[in-house]
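Residues per chain are reported as follows:
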Amino acid sequence: MSDDKQGAAWDKLGELAKTVGAGKIRDLINGDPDRSQRMVKSGAGITLDYARQRIDDEVLQTLLQLADERGVLERRDAMFRGDHINVTEDRAVLHTALRLPEGAQLNVDGQDVAGDVHKVLAKMANFSDRIRSGEWTGHTGKRIKNVVNVGIGGSDLGPVMAYMALRDYADRDMTFRFVSNVDGTDLVESVTGLDPAETVFIIASKTFTTLETMTNAAAARDWVKTGLGQDVDVAKHFVAVSTNANGVADFGIDTENMFPFWDWVGGRYSMDSAIGLSTMVAVGPENFRDMLAGFHEMDEHFRTAEPSDNLPLLMGLLSVWNRNFLNCPTNAVLPYEQYLVRFPAYLQQLTMESNGKSVKLDGSAVESETGPIYWGEPGTNGQHSFYQLIHQGTSVIPCDVLFGIKTLNNLGKQHDYLVASALGQAAVFAMGRTADEVRADGVEERLVPAKVMPGNRPCSVITYEVLSPRTLGRLVALYEHTVFTTGAIWGIDSFDQWGVELGKAMANSLVPQLVDGAPAPQTQDAATTASVARYRELGG
Ligand code: F6P
């Protein structure tokens, strides 16, 4: 594979980085009044305003040329078609099939993908309706009031994020909890106050081998048995979401109560598969289908919109510009929407497990920088915490500012205040405040340097009408395809995650030493052996 830092577009972007990239966003905005109309694009119900990015039309055209040279659209089409674009795992990447409308046709590797998706959705809907209506009762005949999702990574972050995002649409008479950490505190605190007779656990694990989830599932089963008796019918309190039917059966869950998905759904791309069962129980099948429709709208936009109007493509290219040409190592996501409180955490896995890679599809080393660090918190809270560093720190941090045009909770003028904060911060990110402007405010001279705001922080403003299941689907798909675009430019496999495996193996190899006091193997490094010994000496 060719050097990823070569090619006509890459070279030209390198030159443009020395001119446009070294310039000021403030000058770009002030010198081009039309920019704020031109650099705004809408698609699938989302509007992307990128006028505050440190680009001009030439940079944008060259980024689009880069996408062309790197075959991003061909790779996109290969993904939608079901080609095995996850090369290291030799798998198709078909999360887009999870939201195909009923009746759509997609056969891949001999599987009726679309048909299978809708069969599982129907099974999920049936379960959700039975729980929500009270028809599904627990061992003692009591109605189920609590749903506890046990999973980690993609089997947790999407469900938690979606539940938090869609609380306004959720059944308020039910309680939803999410257990992920192998730290026993997580399970204990999650079941505190719940009656096992009224509780169903959803054990969500693609592989059904993950240490944390299997350990928590066993502890949950013990909790149910302790509460309801050893002869309890656990089938009434446990269902599973997995690709591993044997693992589910071995655990003791009736595979009739298993909701399958497939190896072509990556964990971090699975919140709209059966992994979203807790979401469906919370908001009901109709809202869940509405969320899928939102995903599909963005898929169609990504698949068919002209490159210069294509939101995920544009966002991905801007991310490449900021990462590789402006040398920004991180990207903040700042939703001015309290319901999106877990959206940044969700995006951490989506973006960083996907694009935290150092080798290309052919195994050769990546020459350019890859995945930026994604992080963030809802505004306005972040303003009173880490925004100081964004505004005046020595690193330039591009920001995504998100908000709804309307709110679900209209308290007087509070939504206008929220939007004022979002746009006010975006203005400061982009425009800053010069020393002369600070002086013009009458600030005494010794304080002028401290009050100068460098600005020039690239910023995108992403808006939607109102947060709904459909909006959430559109937003998640927007970021999924943004991640796809950047990964395609870098020529990496955005769909494997080999980097997490060795840590898991190391933890497993330490279990005998920590649990049974087994001696350390000769091959173990001295630092680890000493730490284990110290833990024991200190009474651990
Ligand atoms: O450790 C990383 C990972 O493999 C993620 O990719 C995945 O989302 C998570 O673990 C959970 O895996 P599983 O759903 O198989 O339990």
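Before going into details, it helps to say that this report is about the structure given with it. Worth saying up front: this structure is predicted, and the values here are computed from it rather than measured.

A few words on the pairing of strand 1 (residues 40-43). Of the two faces of strand 1, only the one carrying Lys41 and Gly43 is buried; Val40 and Ser42 on the other face are not. Bridge analysis of strand 1 against strand 2 (residues 46-52) gives 4 bridges, and the strand direction is antiparallel. Bridge pairing links Lys41 to Leu48 in strand 2. Hairpin geometry of strand 1 and strand 2 is characterised by an intervening segment of 2 residues between the two adjacent antiparallel strands and by a positive phi of about 50 degrees at Ala44.

The next thing to look at is the site of the ligand. Around the ligand sit 14 residues in total, of which Gly154, Ser155, Ser205, Thr207 and Thr210 are the nearest. Interatomic distance of 2.6 Å between a side-chain N/O atom of Ser155 and an oxygen atom of the ligand. Lys206 has a polar backbone atom sitting 2.7 Å from an oxygen atom of the ligand. Protein coverage of the free-state accessible area of the ligand, which is 390 Å², stands at 87%. Among the residues making up the shell around the ligand, the classes are represented as 2 nonpolar, 9 polar and 3 charged.

On to the side chain of Lys206. Its place among the elements puts Lys206 in the loop between strand 7 (199-204) and helix 9 (211-228). Although Lys206 is buried, it makes no salt bridge; Glu89 carries the closest opposite charge, 6.0 Å away. Only 2.8 Å separates the side chain of Lys206 from the backbone oxygen of Val265, close enough to count as a polar contact.

Our focus in this paragraph is the sheet that holds strand 6 (residues 175-179). Pairing between sheet strands relies on hydrogen bonds along the backbone, with the strands arranged either parallel or antiparallel. Ordered in space as 6-5-7-8-9, the 5 strands form an open sheet in which the pairing is parallel. The strands lining the two open edges of the sheet, one partner per strand, are strand 6 and strand 9 (258-260). Mean inter-strand twist for the sheet, computed between neighbouring axes without regard to direction, equals 20 degrees. Of the strand pairs in this sheet, strand 5 (residues 146-150) and strand 6 are connected by 5 bridges, and their pairing is parallel.

Time to look at the packing of helix 13 (residues 311-325) against helix 19 (residues 469-490). For the pair helix 13 and helix 19, the least separation of the axes is 8 Å and the interaxial angle reads 50 degrees. With respect to helix 19, the element helix 13 is oriented oblique. For the element pair helix 13 and helix 19, the recorded crossing hand is right-handed. For the pair formed by helix 13 and helix 19, the contact residues are Leu311, Pro312, Leu313, Met315, Gly316, Leu317, Ser319, Val320, Arg323 and Asn324 on the first element and Leu478, Tyr479, His481, Thr482, Thr485, Thr486, Ile489 and Trp490 on the second. In terms of residue class, the contact of helix 13 with helix 19 is built from 10 nonpolar, 7 polar and 1 charged.

Along the polypeptide, Thr279 turns up in helix 11 (residues 277-283). Discounting chain neighbours no more than four positions away, the residues touching Thr279 are Pro159, Ala162, Leu166, Gly284 and Phe288.

Here we take up the layout of surface pockets. Within this model, the largest pocket holds a volume of roughly 970 Å³. Looking at the largest pocket, it is lined by 40 residues, and the ones nearest its centre are Thr210, Glu353, Gln497, Val500 and Lys504. With 4 residues, the top contributor of residues to the lining of the largest pocket is helix 20 (residues 501-516). Looking at the lining of the largest pocket, its residues break down into 13 nonpolar, 16 polar and 11 charged. Each pocket or cavity is described by its volume, and for the second largest pocket that value is around 390 Å³. What lines the second largest pocket is a set of 17 residues, among which Glu337, Gln338, Thr407, Gln414 and Leu418 lie closest to the centre. Among the elements that line the lining of the second largest pocket, the one with the most residues is helix 16 (residues 414-431), at 4 residues.

Here is what the cut-offs are and how they apply
- Think of each chain on its own: its residues are numbered from 1, step by step along the sequence as written.
- Only residues with pLDDT of at least 70 get local features here, since the model is predicted, and only at 80 or more are side-chain atom pairs given and counted; chain-wide, interface and lining totals rely on the full set of residues.
- No hydrogens and no water enter the side-chain calculation; it runs on all heavy atoms of the structure.
- Note on classification: 1.4 Å probe, protein chains only; a residue is buried when its accessible area is under 20% of the maximum for its type, exposed when over 50%, partly exposed between these limits.
- Each helix is a run of DSSP H or I of at least 4 residues and each strand a run of E of at least 2, with the numbering of both proceeding from the N terminus.
- When DSSP locates at least two bridges between a pair of strands, those strands are taken to pair.
- By convention in this text, a residue qualifies as near a molecule or strand provided that one of its non-hydrogen atoms is within 4 Å of it.
- Polar contacts, as counted here, are pairs of nitrogen or oxygen atoms within 3.5 Å of one another; within protein the pair requires one atom able to donate a hydrogen and one able to accept it, and residues that are adjacent in sequence qualify only if both atoms are side-chain atoms.
- Areas reported as accessible are Shrake-Rupley estimates using a 1.4 Å probe. Residue values count occlusion only from the protein chains shown.
- Each residue is assigned to one of three groups, with Ala, Val, Leu, Ile, Met, Phe, Trp, Tyr, Cys and Pro labelled nonpolar, Asp, Glu, Lys and Arg labelled charged, and all others, Gly among them, labelled polar.
- Charge convention: Lys and Arg are scored as positive, Asp and Glu as negative, and His as well as the terminal groups of each chain are ignored.
- For this analysis, a salt bridge means a side-chain nitrogen from Lys or Arg found within 4 Å of a carboxyl oxygen belonging to Asp or Glu.
- Note on definitions: angles span 0 to 180 degrees between N-to-C directions of axes, and those axes are lines fitted to C-alpha atoms, for helices only across the stretch in contact.
- Angles below 35 degrees are treated as roughly parallel, those above 145 as roughly antiparallel, those between 65 and 115 as roughly perpendicular, and all remaining angles as oblique.
- Left-handed is the label given to a crossing in which the near helix is rotated counterclockwise from the far helix by less than a right angle, and right-handed is the label when the rotation is clockwise.
- Contacts: residue pairs with any heavy atoms within 4.5 Å of one another.
- Within this scheme a cavity is a closed region of a 1 Å grid, computed over the protein atoms alone, that accommodates a 1.4 Å probe without allowing it to escape, whereas a pocket is open but has protein on both sides within 12 Å along at least five of seven lines; lining residues each have an atom within 4 Å of a point.
- Grid points are joined across faces, edges and corners, and a volume is the space filled by probe spheres set on the points.

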